[in-house]
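Structural overview
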Amino acid sequence: MSKTKGTIASASTPISRRAFGTGAAAGAMLLASGMPIRSLRAAEPLRVGVLLPRSGHLALIGQACQRGAELSVPILADLGHQVQLMNADTESNPDVGRTQAEKLIREGAHVLMGCFDSATTAAVAQVAEQKGVPFVINIGADPAITEQGYKFVFRNFPTSVMLGMGGLKLFNDIFQATGTTAKTAVLMHVNDSFGNSMRGGIEKLMPKLNLPFQIVETIAYDPKARDLALEVSKAKAANADIHMVVTRLNDAILMVREMVKQQYAPMGIISPGSPGMYEKQFFKTLGKYANYCTTNVPWFDPNQKLAKVLEERFEKAYPEESFELNIGFTFEAVLIAADAYKRAGSGNPQALAEALRATSIADRVMIGGPIKFNEKGQNENLRSAAVQNLDGKPTVVLPTESAQAKPVFPMPDWKARGA
Amino acid sequence: MTTTAAATAAAPVRLPRGTLLLAGLAALLLMAPLFAGDYLLSVLILICYQAYLGMAWNAMMGFAGQFSLGHALYIGLGGYAAGALFVHFGIPPWIGMLVGAAVATAAGAVVGALGFRFGVKGVYFALLTIAFAEFTRILFDHWDWVGASSGLFLPVAHDQVSLWLLRGPPVMFYYVILGLLIAAFVLSWALLRRRIGYYWQAIREDQDAAETLGIDVFKYKMAAVMLSAAMTAVGGVFYAFYYNNLYPETIFSMHRSIELMLGTIVGGIGTLFGPILGAALLVVLGEVLTLLTEDLGLDGVKQIFYGLCLLIIVLWRPAGIWPWLRTRLGLGT
Amino acid sequence: MPLELYLNVITGGLLTGLVYGLMALGLSAIFGVMRIVNFAHGDMMVAAMYAALVLFNVQGITPLAALPIVAGGLFLVGYVLQRLLVNRLIQATEHIQFLALLGVAMVITNGMLMAFGPDAQGVLLDYSFDSYSFGPLILDKVRVIAAVVAGMAALLLWAFFAYTRIGKAIRACADNLTGARVVGLDVDRLYAVTFGVGAACVGVAGCLLLMLVDVHPHLSTDYTLLGFIIVIVGGLGSLGGALLGGVVIGLAEALGGVLVEPSLKSMFSFGLLILILLIRPEGLMGKRT
């Protein structure tokens with residue numbers, strides 16, 4: 001995946017990782033450390049340390065993110081940014097993520113980028129802060145990460161509270177656009193760090209947002225659940241209008257399949273902001289039953305030129321894979337770093353961090369205002385779109401200015417769908 | 001035959017050589033931050049941490065022969081106890097450590113008492129320990145006071161260096177874990193040379209024989225489990241304050257229980273140096289494999305080699321590498 | 001309404017439990033004869049699921065039709081694995097057995113990751129979404145098929161041990177190893193056959209499960225653990241116990257999930273395991289040793 005890596009390491013630091021490894025193997029590891037990193041030359045490319053879970057239980061998303069990072073190099077080169085990736089696999093393990101972050105910094109990464117899961121992201125954020133190396137978070141929704149007063153950590157992804165807020169508001173928009181209103185909902189969510197903080201956010205926001213429906217039952221399920229028959233039975237028994245879900249990918253498939261089998265057809269299956277239902281695997285496994293599921297998430301802005309470029313390149317490079325928000329946010333993270341590097345004029349971490357703080361990028365790929373960071377390092381200009389699966393493709397249906405089609409609500413019954 | 005001969009021949013120089021080696025290693029480790037870079041330091045911290053946990057596990061498995069596959073339980077209890085007390089009440093980790101160790105000891109006592117009283121042995125006992133760890137994981141996933149599945153975050157204070165509050169740079173954490181490792185080493189060494197150590201080994205070798213000799217098997221097995229649990233919990237406190245975030249999913253996971261004992265089995269169960277040697281070997285093996293395989297760009301190939309190495313090591317030296325290396329170095333027992 | 005809910009949940013738990021039971025059968029048979037706990041059990045099952053998936057994708061063979069092929073393939077894998085590796089472990093201590101098989105598990109899982117990638121993949125059959133309705137009771141067609149086949153496979157396995165020469169010889173090894181050697185049985189070969197038969201069960205279970213869940217490499221640990229829970233609850237070494245254990249766990253999870261909270265459902269299986277270990281360590285149908 002990353003042929004560039006070895007060469008970068010050996011070119012940029014006098015003691016490369018290779019030398020270290022050999023030394024360690026020979027038992028001389030203690031001597032091979034501590035050498036100073038050669039000072040940076042002015043015209044050299046930006047070295048981005050990419051930390052993603054490419055193996056282990058999060059490998060699926062880690063590899064998806066990696067594709068966004070790989071594509072950013074040629075696209076940014078066309079925009080006049082020289083970027084080199086230094087890839088590291090966190091193995092879905094925060095401990096490994098931490099050591100890998102140290103290693104990337106030692107090898108001369110100007111900026112770190114990653115890490116998808118909140119536990120690893122939190123661990124890497126500390127390393128970045130201690131070492132004073134900027135860290136741009138591509139994805140990681142745990143609100144706590146940007147509440148630590150970090151100076152070198154920047155997040156271009158909504159916190160779970162922001163996600164829930166944006167996602168819930170869109171319910172009203174869907175009702176308005178279709179002239180149909182729901183009165184009740186059942187919330188079914190995965191009980192992992194993401195699902196649980198989403199549920200917390202939703203419960204807090206529901207009364208404030210004045211939504212016309214009530215959550216009549218909340219069903220949490222184990223992220224390791226092997227099947228969801230019982231969970232869906234329970235949801236069906238609640239007999240609500242909307243089936244509101246916070247899922248991952250595999251469980252989203254299990255859930256919808258089970259809903260079809262149990263003939264449970266609510267007015268809509270809507271996620272206030274979670275992965276799963278817009279992914280290619282979802283369509284491939286569920287066929288026609290994947291249609292009409294709706295996810296309210298930050299999404300590609302069809303009006304942005306850069307989004308089109310990215311999509312074209314992506315379809316060419318990875319025709320088998322799904323083009324979804326993991327790709328977009330990882331791409332944007334590299335873009336943010338490259339943009340700051342250009343303005344800072346050097347790889348000096350302090351200068352880079354200052355440039356990052358002053359970021360303002362209007363030409364981006366995701367929906368929302370220009371990318372800007374507040375004093376906590378959080379981008380607040382992120383907006384969710386309602387993305388409905390129509391004709392076997394995730395399609396933006398709201399907000400109207402970005403919409404590619406009109407929302408369908410209520411959705412047709414399972415049996416009313418043709419082949 | 002030959003090994004005994006070598007050991008006897010080496011007997012006169014045994015003590016000075018062993019002590020010298022130990023002193024040299026200790027000196028090297030103590031001075032490491034002077035010449036080690038950040039990356040190497042974090043690798044050393046990882047080695048010491050794994051070695052410490054391995055030593056804690058060794059107290060139960062190696063000394064008293066009780067196979068635990070669920071030690072993540074004690075790491076988690078220690079880490080969560082100290083972490084939650086610090087987050088909610090600002091109680092310093094050294095006091096939280098006592099609480100965590102006490103909680104873990106109690107948990108160990110429950111697991112041990114139930115297991116030993118009801119005659120749950122071997123694989124069955126190992127599975128009982130897994131069951132307790134997984135049970136607790138799911139419990140913590142639903143316990144809001146410690147953040148449930150959203151995790152518990154310890155506040156990170158910048159520029160604050162306080163050994164009392166365990167807030168500070170990696171070098172501080174290095175010395176803390178090195179200190180813990182040395183303490184655990186000395187404790188193990190001392191215990192093995194006392195009556196309790198001999199009793200443990202008697203139980204490990206043949207429980208029925210030990211019983212006929214009049215040893216209170218239940219009491220000494222309980223002592224081993226509780227000691228091991230307490231030591232492991234202290235390691236968990238270190239983990240909590242070094243990483244500053246705790247998730248039930250990662251801290252109570254079976255992978256952690258497995259990772260924790262690998263080093264000791266590879267190094268040599270029941271020996272004093274086994275856990276240290278094993279942890280160093282495996283951490284370095286992991287780093288070297290990362291280096292060798294990352295250019296291939298094949299995700300997962302590293303773990304394949306890691307698995308193969310484990311397989312080869314246990315088939316080649318089922319008793320661990322340290323007992324073999326010890327005779328090689330002429331250190332005797 | 002609640003009655004309908006319980007009815008559906010209980011039948012669902014029962015059917016899924018049977019498939020789980022079949023998966024655990026292999027583990028139980030191997031332990032009953034060789035006293036080895038196969039820690040690579042879940043990994044072998046995930047490998048079987050991938051084998052069925054490849055047959056479906058490449059040759060268009062449905063998992064049900066692929067059953068004999070996958071089972072045969074897994075038999076060979078098991079046979080060879082026993083000859084090359086597991087045989088050396090029979091005399092080893094438990095933790096060495098554990099570590100060696102853990103190494104095997106890591107190789108299998110990550111081999112799958114490299115070969116098939118991390119994505120979950122499944123098969124889409126004509127009847128994947130079908131279900132039978134009997135009034136308020138809705139039965140999932142795939143689950144019914146899987147449960148029936150699981151029951152048949154278990155019967156076959158039982159017949160193998162009860163009636164065939166080689167099956168009887170294997171039982172003789174399990175009951176009295178020294179005696180078996182004295183009468184001249186080729187114990188090594190019998191052990192290899194046992195491991196192969198155990199693996200074949202896993203192959204059958206893998207094909208059936210592929211119709212119910214999508215496969216990805218990291219399923220393995222969970223299934224290994226699940227297999228352990230089931231055989232201990234049912235009784236390590238007892239074939240009937242493994243099936244019963246599967247059903248009991250399936251029901252316990254289903255009822256626990258309905259009565260308390262679905263995300264707590266696996267706590268019920270661990271709780272049940274702890275309870276059984278303490279009250280009846282030999283399992284529901286195991287023999288007291």
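Being a predicted model, the structure only gives us computed values, none of them experimental. (Residues numbered from 1 in each chain as written. Chains lettered and ligands numbered in written order. Predicted model: local features only at pLDDT ≥ 70, side-chain atom pairs only at ≥ 80, totals over all residues.)

As a further point, take the overall build of chain B. In terms of helices and strands, chain B carries 14 helices and 2 strands. Here the C-alpha atoms of chain B give a radius of gyration of 20 Å, agreeing with the 20 Å that 2.2 N^0.38 yields for 333 residues. Seen through its principal axes, chain B has C-alpha atoms that stretch 60 × 50 × 40 Å. In chain B, which comprises 333 residues, the share counted as buried stands at 54%. Counting only contacts in chain B whose residues sit at least 6 apart along the sequence, the fraction spanning at least 24 positions is 77%. (Helix = DSSP H or I, 4+ residues; strand = E, 2+ residues; numbered from the N terminus. Rg over C-alpha atoms; globule rule 2.2 N^0.38 Å. Buried ≥ 20, exposed ≤ 12 C-beta atoms within 10 Å, placed from the backbone. Contact = placed C-beta atoms within 7 Å.)

Let's shift gears to the interface of chain B and chain C. Taken residue by residue, the interface counts 33 residues in chain B and 30 residues in chain C. Counting only elements with at least two residues in the side of chain B that touches chain C, the list comes to helix H5 (122-141), helix H11 (254-267) and helix H13 (301-316) of chain B. Taken together, the residues of the side of chain B that touches chain C break down into 25 nonpolar, 6 polar and 2 charged. (Nonpolar A, V, L, I, M, F, W, Y, C, P; charged D, E, K, R; others polar.)

Listed as interface residues are 38 residues of chain B and, on the opposing side, 44 residues of chain A. Elements represented by at least two residues in the side of chain B that touches chain A include exactly helix H1 (2-35), helix H2 (38-64), helix H10 (248-251) and helix H12 (274-294) of chain B. For the side of chain B that touches chain A, a count of residues per class yields 19 nonpolar, 12 polar and 7 charged.

Here we take up the environment of Ile91(B). Its location among the elements puts Ile91(B) in the loop between helix H3 (72-89) and helix H4 (93-117). When the C-alpha atoms of Ile91(B) and Leu165(B) are compared, they prove to be 8.5 Å apart, with 74 residues separating the residues in sequence.

Further remarks concern the packing of helix H6 (residues 160-178) of chain A against helix H7 (residues 193-209) of chain A. All names here are of chain A. In the contact formed by H6 and H7, the axes pass within 8 Å of each other and the chain directions differ by 50 degrees. Taken together, H6 and H7 sit at an angle that is classed as oblique. When you trace H6 past H7, the crossing you get is right-handed. Note on element contacts: H7 touches H6 through Phe 194, Ser 197, Met 198, Gly 201, Ile 202, Leu 205 and Leu 209, opposite Ser 160, Val 161, Leu 163, Gly 164, Met 165, Leu 168 and Lys 169. Along the lines of polarity and charge, the residues of the contact of H6 with H7 split into 9 nonpolar, 4 polar and 1 charged. (Axes fitted to C-alpha atoms, helices over the stretch in contact; angles between N-to-C directions. Parallel < 35°, antiparallel > 145°, perpendicular 65-115°, else oblique. Left-handed = near helix turned anticlockwise from the far one by under 90°.)

So, about the sheet that holds strand E12 (residues 393-398) of chain A. Either a parallel or an antiparallel arrangement is found when strands of a sheet pair, and the pairing is made through backbone hydrogen bonds. All names here are of chain A. Strand order in the open sheet formed by 7 strands is E7-E6-E8-E9-E10-E11-E12, and the pairing between neighbours is mixed. A single partner strand is all that each edge strand has here, and the edge strands are strand E7 (214-221) and E12. Going from strand to strand, the sheet's axes swing by 25 degrees on average, the running direction of each strand aside. Examined bridge by bridge, strand E8 (residues 242-246) and strand E9 (residues 268-271) share 3 bridges and lie parallel to one another. Note on E9: the bridge partner recorded for His 243 is Ile 269. (Pairing = 2+ DSSP bridges.)

This part is about the sheet that holds strand E4 (residues 135-137) of chain A. All names here are of chain A. Pairing is parallel in the open sheet, where 5 strands are placed in the order E2-E1-E3-E4-E5. Looking along the sheet, the strands with just one partner apiece sit at the ends: strand E2 (83-89) and strand E5 (153-155). Neighbouring strand axes in the sheet, compared pairwise and without regard to direction, differ in orientation by 25 degrees on average. When strand E3 (residues 111-114) meets E4, the two strands line up parallel, connected through 3 bridges. For Gly 114, the partnering residue across the bridge sits in E4 and is Ile 137. Most of the contacts of helix H12 (residues 325-344) go to strand E1 (residues 46-52), to which it runs at about 155 degrees, and overall it touches E1, E2, E3 and E4.

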